[in-house]
Amino acid sequence: MTKHSKRERDRRAAETERVKQIEAAWQGSVPPATARAFALGVEAARARGPETRPPDMAPGTRPNPPRPGHEPRPPKEPARPRRNG
């Protein structure tokens, strides 16, 4: 764990308190119906929980298509077919 000086801890505590004051003032300025709708939205999001991980892709599969102009080159074809002899 990182150690911080007393001054740094005090500054962070004051910052946190100020953020709480700003949030309380903002919630007080919002109409009650809007605040209730927002609170319901937050509760619904928390009830959903985190998103599930996307399925693992096959080895060698790139997750994003290449940028335009950076597409992979097609495999080279031999200039002359080989003779079987």
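Novice: Report on the packing of aromatic side chains, specifying residues and quantitative values.
Specialist: Enumeration according to the criterion identifies one aromatic pair in this entry. Ring geometry for tryptophan 26 and phenylalanine 38: centres 5.7 Å apart, planes at 80 degrees, overall edge-to-face. One end of the pair, tryptophan 26, is in helix α1 (residues 6-29); the other, phenylalanine 38, is in helix α2 (residues 32-48), with twelve residues separating them in the sequence. The class for tryptophan 26 is partly exposed, based on a relative accessible area of 44%. Residue class for phenylalanine 38 comes out partly exposed when judged on its relative accessible area of 49%.

Novice: Give me the lowdown on the pattern of salt bridges, citing residues and values where you can.
Specialist: Throughout the structure, instances matching the rule amount to four salt bridges. Notably, a salt bridge pairs lysine 6 with aspartate 10, separated by 3.3 Å at the nearest N-O pair. Of this pair, lysine 6 and aspartate 10 both sit in helix α1, four residues apart, roughly one helical turn. Its relative accessible area of 55% is what places lysine 6 among the exposed residues. Take aspartate 10: its relative accessible area is 43%, and that puts it in the partly exposed class. We note a salt bridge from glutamate 15 to arginine 11, for which the minimum N-O separation is 2.9 Å.

Definitions and cut-offs
Residues numbered from 1 in each chain as written. Predicted model: local features only at pLDDT ≥ 70, side-chain atom pairs only at ≥ 80, totals over all residues. Heavy atoms only, no water. Phe/Tyr/Trp six-rings, centres within 6.5 Å; stacked < 30°, edge-to-face > 60°. Helix = DSSP H or I, 4+ residues; strand = E, 2+ residues; numbered from the N terminus. Buried < 20%, exposed > 50% of the residue type's maximum accessible area, 1.4 Å probe, protein only. Salt bridge = Lys/Arg side-chain N within 4 Å of Asp/Glu carboxyl O.

Scope: geometric values only; no functional claims are made or implied.
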